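Chain and residue survey
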Amino acid sequence: MSPSRPPGSPASPEDEGVGIPVVVPSVDAAPHSQPVAWRHRHLLDVDILSADETELVMRTTDAMREVLGRPIAKVPALRGTNVTILFYEASTRTRVSFEVAAKNLSADVVNIATATSSVVKGESFLDTLRTIEALGAGMLVLRHSHSGAAQLAAEHFGGSVLNGGDGWHAHPTQALLDLYTMRRRLPGGTVAGRKVVILGDALHSRVARSNIWSLTAAGADLWVCGPATLVRGLEAWAGSGVGPASRRFTVTSDVNAALRDADVVMALRLQQERMSGGLLPSLREYSARFGLTRERLALARPGALVMHPGPINEGVEIAPDVAEGIQSVITEQVANGVAVRMALLYLLAGVRGPR
Amino acid sequence: MNAASGSGSNVGSGQNGATGPGGALARGRAAAASAELEISRAWLVDPATGREGPGELVVRDGVLRAVTWLRGADAAGVGPDGVIVVPGFTDLHAHLREPGDEAAETIASGLAAAAHGGFTTVCAMADTTPAADEPGVLIRVRALAAASGSPVRVLGVGALTAGRAGERLAALGELADAGAAAFSDDPAPVRSASILRSALAYAGMLGVPVVEHAVDPGLSHGAEANDGLVATVLGLRGSPAAAEEAAVGRDLAILADVVRDVPGVRLHLAHLSTAGSIALVRRAKAAGLPVTCDVTPHHLALTDGWLAGSRRWAWDGSDNPWADGPLAAAPYASSLRVEPPLRSAADAAACLVGLLDGTVDAVATDHAPIARPDREVEFGMSVPGIAGIETALGLLLAAVDAGRLPLARAIAALTSGPARVLGPRPASTAPGLIVGARADLVVIDRSAGWTVGPATIRSLGAPSPLVGRDLPGLVLLTIADGRLAWEASGA
């Protein structure tokens, strides 16, 4: 899934990205006005990102954090750009995070929630996309319950598509904010060689999948742990390796082995429907065997980071005292989420050029 | 090639030069009534006799008048890589959509597509709206076929249960009297083992085969793709191989039970797709059970790696498309949504082995055109199906060209194989180059290919996953029942 070079652009050492310093844009200026080595019109998942591009996202996020620290946390970078936020799934946190990010960049934001749109009248997804484009949307932030919906949108939408989560497939902004949060908090500022554990329902999790791509690419010692019914199939992925380079990770249902000496533990939300689907006996049993409790966390390294993509089922996948404890960086994830989404909107807008 | 103009004399004008020195000359007359055709110095394949080699044939007034096998100097330079002539193909499994979904296909468009694909006999499945659970629909389909003017023969498949609902038997006796070639609830499986047991016994009494879409509805519920690495990585709901194999196992157990009382029973398992299913049928055949099966061209040539963006033929790829080099296409092409789902490279290889060793009796297309609005949607929202009747030959020839499948076996899987599955009842003649019979044959230029695309495809539905792909083997002429059914344009 390696991205191809845009037509006309010459091959250069920058394309290989070896040893060339990443040029961080000045986020106060218009995105297309700067020679930034970003070539993706859409961001559908993190698998397309080279190490340099990931680094560019991280450094641009630093710049956005600086903006967020200003008395008026706003830059004019996306002034006149219509960012449409189309969510086919209920979500408050992610939708608001995108909305705040876009508004901080001075974009015009249109929010479409499916319950109030003509989608309920049976309008097809492509019809909706065409309508949104005709109404002037330049960038689309999409959340959809079907894996691959963001890909379909990218094939038909004339502007940029930023995937806000598609089915079980991908949630690239979450993976990048997770990576950013880890890099800020881990000693040395890198996840390379660190033991990172994704704990819970990885099978149905787009957060897990995107993190598998980004964390293996970043050189983490990645473990995925959950009950056999909720990590099914991932063993085969771990065995064959991730991507063309066949990067390895570890899958286990042994929660103690997973947590032992971990540097980061990321608990995943458990959906109620896993019980009705016959995948788990009960929430109580899940919590007893796989919940992230203080006792279990003691297996990890002292000071290990506790993360969660939210929203949390307190007392199910994570104990309240762990979620709110000193090792938790969950609220920092939320804050970093805005900065990462600002960075991505900014970088994608640069590829589109001036309006 | 001026295949359809002029009189019957041999002329070389317009002949495709790539057929080489002394290549075949095919000349036909596009008379609506009866074909006139002379073919000299072509490669003939006759599955009825198992013979293939250089030869010539003459069709006069729609009847195959002469077949001459060439020897010695006369045969020099004639090979299977030039013009070949084979009996017309039989498709055991085509969804022609009419009545009910004429935006996807009509009888007329479906038969035009069939002729383009080299098919001269097509089994029209029963999942129309209304379902073909009583003779009226079969009679209507036959009338529509006659009105289309196509000489391609339509064999109606009757539903196995009323409304294909799986609860009580359809009007099986009346359907048989009306000429039903088989009974099937496809694309639905027969959920109730008890109903399947009764249906097999009753159909066996009538001498009509039962065609089963073998899948366990619980294990396949909500599935979008083969349960495997690709589905895991793409986040698609997987249907495990066990969903098919559990149903095949159940069906074979019931067949073994029924055959004790009803020796005429015949079960045909449609579009098997997993290595385990092929192994189960191999064992059942060895035990003497009256079971037959088919595989589709797409399950032989394509894999679930295509969902990730691979465009390698099954025999050229591994089970990990990400490790096979750069991906050629975007992921999640809804044109690849099909039931059963495209499987792993190992499954495709097992299906091919089954075809080679005779476990698999036939290649059937499961031609399933989908109306555009039902396809231009999210992958998981797409109606499943691949319209493959025009690309079946090309996919098999790709396997032939790759050295994976002998040409004669490929042709047999499209001719004598399906005829044997159907049995003697509906067929007036077995496929073969039979002198004195109405001509029923396909002329193929093996030195030429074609590009799948809107300009070349006759089926009405949304584009095939093979659009843009070059396929080997150009069908120059299809003659069905002594009449010209297809002629390559510009030939």
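Focus on the confidence of the model for chain B
The predicted coordinates ought not to be read in detail in places where the model reports low pLDDT. Residue and element names in this part refer to chain B. In the predicted model, chain B carries a mean pLDDT of 92, and 92% of its residues have values of at least 70. Here residues 1–25 scores under 50 on pLDDT; set against residues more than four positions off or in separate chains, the count is 59 contacts. Here the complex is predicted with pTM 0.93, and the ipTM for its interfaces comes to 0.92.

Re the state of the cysteines
Residues and elements named next belong to chain B. By the definition in use, this model includes zero disulfides over all chains. With no disulfide of its own, C123 has C293 as its nearest cysteine by sulfur position, at a separation of 16 Å. The exposure class assigned to C123 is buried, which follows from its relative accessible area of 1%.

Some words on the sheet that holds strand β5 (residues 195–199) of chain A
In a beta sheet, neighbouring strands are held together by backbone hydrogen bonds and run either parallel or antiparallel to one another. Residues and elements named next belong to chain A. With parallel pairing, five strands are arranged side by side in an open sheet as β7-β6-β5-β8-β9. In the strand order of this sheet, the two ends are held by β7 (250–252) and β9 (305–307), each with one partner. Going from strand to strand, the sheet's axes swing by 20 degrees on average, the running direction of each strand aside. In the sheet, β5 pairs with strand β8 (residues 264–267) via four bridges, with the strands oriented parallel. Bridging across to β8, I198 finds its partner in M266. The strands touched by helix α6 (residues 172–185) are β5, β8 and β9; relative to β9, the strand with the most contacts, the crossing angle is about 160 degrees.

Things to note about the side chain of D251(B)
Residues and elements named next belong to chain B. Relative to the helices and strands, D251 resides in helix α7 (residues 241–259). The buried category is assigned to D251, whose relative accessible area is 0%. Not counting residues within four places of it along the chain, the set of residues in contact with D251 comprises L196, E212, A214, L267 and L269.

Some points on the packing of helix α5 (residues 193–206) of chain B against α7(B)
Residue and element names in this part refer to chain B. Interhelical geometry of α5 versus α7 gives an angle of 45 degrees and a closest axis separation of 10 Å. Taken as axis vectors, α5 and α7 run oblique relative to one another. In the crossing of α5 with α7, the sense of the turn from one axis to the other is right-handed. Contacts between α5 and α7 involve A193, L196, R197, L200 and A201 from the former and R250, D251, I254, L255, D257 and V258 from the latter. Across the contact of α5 with α7, the residue classes tally to seven nonpolar, no polar and four charged.

Quick word on the interface of chain B and chain A
Between chain B and chain A, the residue contacts involve 22 residues of the former and 24 residues of the latter. Summing both partners gives a buried area of about 2,000 Å² for chain B against chain A, and 60% of it is carried by carbon and sulfur. In terms of surface lost to chain A, no three residues of chain B exceed T232(B), W322(B) and E378(B), which account for 28% of the buried area on that side. Along the contact surface separating chain B from chain A lie one salt bridge. One salt bridge connects D227(B) with R232(A), and the closest N-O pair in it is separated by 3.2 Å. Inspection of the chain B/chain A interface yields five residue pairs in polar contact (both at pLDDT 80 or more). Per-element accounting of the side of chain B that touches chain A gives the leading share, four residues, to helix α6 (residues 229–234) of chain B.

Structural notes on the packing of aromatic side chains
Residues and elements named next belong to chain A. Under the definition given, this model contains seven aromatic pairs over all chains. The interplanar angle of 80 degrees and the centroid separation of 5.5 Å between the aromatic rings of Y88 and F125 together place this pair among those described as edge-to-face. Here Y88 is found in the loop between β1 (82–87) and α3 (93–104), whereas its partner F125 is found in helix α4 (residues 125–134), with 37 residues between them in sequence. We note that Y88, like F125, is buried. Taking the centre distance of 5.7 Å and the plane angle of 25 degrees together, the rings of Y286 and F290 count as stacked. Of the two residues, Y286 and F290 both sit in helix α11 (residues 283–290), four residues apart, roughly one turn of that helix. Judged by relative accessible area, which is 2%, Y286 ranks as buried. Members of the aromatic cluster, each reached through a chain of ring pairs, are W213, W237 and F249.

Thresholds applied
Residues numbered from 1 in each chain as written. Chains lettered and ligands numbered in written order. Predicted model: local features only at pLDDT ≥ 70, side-chain atom pairs only at ≥ 80, totals over all residues. Heavy atoms only, no water. pLDDT = per-residue confidence, 0-100. Contact = heavy atoms within 4.5 Å. Disulfide = S-S within 2.5 Å. Buried < 20%, exposed > 50% of the residue type's maximum accessible area, 1.4 Å probe, protein only. Pairing = 2+ DSSP bridges. Helix = DSSP H or I, 4+ residues; strand = E, 2+ residues; numbered from the N terminus. Axes fitted to C-alpha atoms, helices over the stretch in contact; angles between N-to-C directions. Parallel < 35°, antiparallel > 145°, perpendicular 65-115°, else oblique. Left-handed = near helix turned anticlockwise from the far one by under 90°. Nonpolar A, V, L, I, M, F, W, Y, C, P; charged D, E, K, R; others polar. Buried area = accessible area lost by both parts, 1.4 Å probe. Salt bridge = Lys/Arg side-chain N within 4 Å of Asp/Glu carboxyl O. Polar contact = N/O pair within 3.5 Å; in protein donor to acceptor, adjacent residues only side chain to side chain. Phe/Tyr/Trp six-rings, centres within 6.5 Å; stacked < 30°, edge-to-face > 60°.

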